[in-house]
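Take a look at the letters that make up each chain.
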Amino acid sequence: MDLLIVSGLSGAGKSVAIKACEDLGFYCVDNLPTTLIPTFVDLAVQSQIERVVLGIDVRERTFFDGLTEALRVLTEEGHQAEVLFLEARDEVLIRRYSESRRKHPLATEGTVLQGIEAERELLQHLRHEANRVVDTSDLNVHELRSIIQTAYRSEEQPDRMHVFVGSFGFKYGVPTHTDLVFDVRFLTNPHFVEELRPQTGQHPEVARYVLETPAGELFMQHLKDFLAALVPLYEQEGKSYLTVSLGCTGGRHRSVATSEALAHYLRQLGYWVTCQHRDMAKRG
């Protein structure tokens, strides 16, 4: 099991780093008491969870003793835990706390700077032992996310945005969770061709009937050009996934054929693509 512990100075970007790992498929738990780490790891192994991120910080009273003991137990059990430590300059942390209006966890009676200095001193040993230290002082949210995802992306995951392409039938409702919706009901409908009606848009003959027409070719060319230009802009803004939905009347023929063709094209561009058909199995 891949086990990553994310820690560091408060305000340095721990929440952003954990969310970036979650988007990579890690099972993430924030602020788990350190004494429970070995138990949690055992349960994760039993549940066949392969990638885990634990976020921990100094808000826990037994932080150091508990973490040291937890890492010792994990090592004895054959688990290798990597520690990611996030930090930033004092003036940057002060500005971030000022902008967020949050209270520093160690500044109970003093200033934010005093809390930062106390935390930096307490975490000095952990920083020295960390496998990776990232200074986020000059990074924005998108840049930090990119660094984390580049560092911890698995070999099976392409270094590109994850695009979900899906078909649906308007008669069953438009998907509620989608970024882009395209209506393909203007295309020639295989439903009215007796020999094609029982098939779906995944069948080669149905796909040709839908796509190899002037309207089908024109639509797909413009759709490909549009997304080829648009998806990189979403990536630049740090969006980790994009959902594109194509709909026809029943969700069996035209939307399925166009979704499959679009998914194939995006894979050729190097994107990580999942193609799903919500209503393809429905009839009537």
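No experiment lies behind these values; they were computed from the predicted model shown.

**Q** For the overall build of the protein, give the residues involved together with the corresponding values.
**A** What the protein contains, in helices and strands, is 10 helices and 9 strands. Here the protein has a C-alpha radius of gyration of 25 Å; the compact-globule value for 284 residues is 19 Å, and the former is much larger. Here the contacts in the protein between residues at least 6 apart in sequence split such that 79% fall between residues at least 24 apart. Counting every atom, the protein has about 15,200 Å² of accessible surface; 50% of that belongs to carbon and sulfur. Across the protein, the centroid of the 30 positively charged side chains sits 8 Å from that of the 40 negatively charged ones.

**Q** Requested: an account of the packing of helix H8 (residues 204-211) against helix H10 (residues 254-268), with residues and values cited.
**A** Their axes nearest at 9 Å, the elements H8 and H10 cross at an angle of 90°. Compared by their axis directions, H8 and H10 come out roughly perpendicular. Of the residues in H10, those touching H8 at Ala207, Val210 and Leu211 are Arg254, Ala257, Thr258 and Ala261. Within the contact of H8 with H10, the residues separate by chemical class into 5 nonpolar, 1 polar and 1 charged.

Thresholds applied
Residues numbered from 1 in each chain as written. Predicted model: local features only at pLDDT ≥ 70, side-chain atom pairs only at ≥ 80, totals over all residues. Heavy atoms only, no water. Helix = DSSP H or I, 4+ residues; strand = E, 2+ residues; numbered from the N terminus. Rg over C-alpha atoms; globule rule 2.2 N^0.38 Å. Contact = heavy atoms within 4.5 Å. Areas by Shrake-Rupley, 256 points an atom, 1.4 Å probe, with all protein chains shown as cover. Lys, Arg positive; Asp, Glu negative; His and termini not counted. Charge placed at Lys NZ, Arg CZ, Asp CG, Glu CD. Axes fitted to C-alpha atoms, helices over the stretch in contact; angles between N-to-C directions. Parallel < 35°, antiparallel > 145°, perpendicular 65-115°, else oblique. Nonpolar A, V, L, I, M, F, W, Y, C, P; charged D, E, K, R; others polar.

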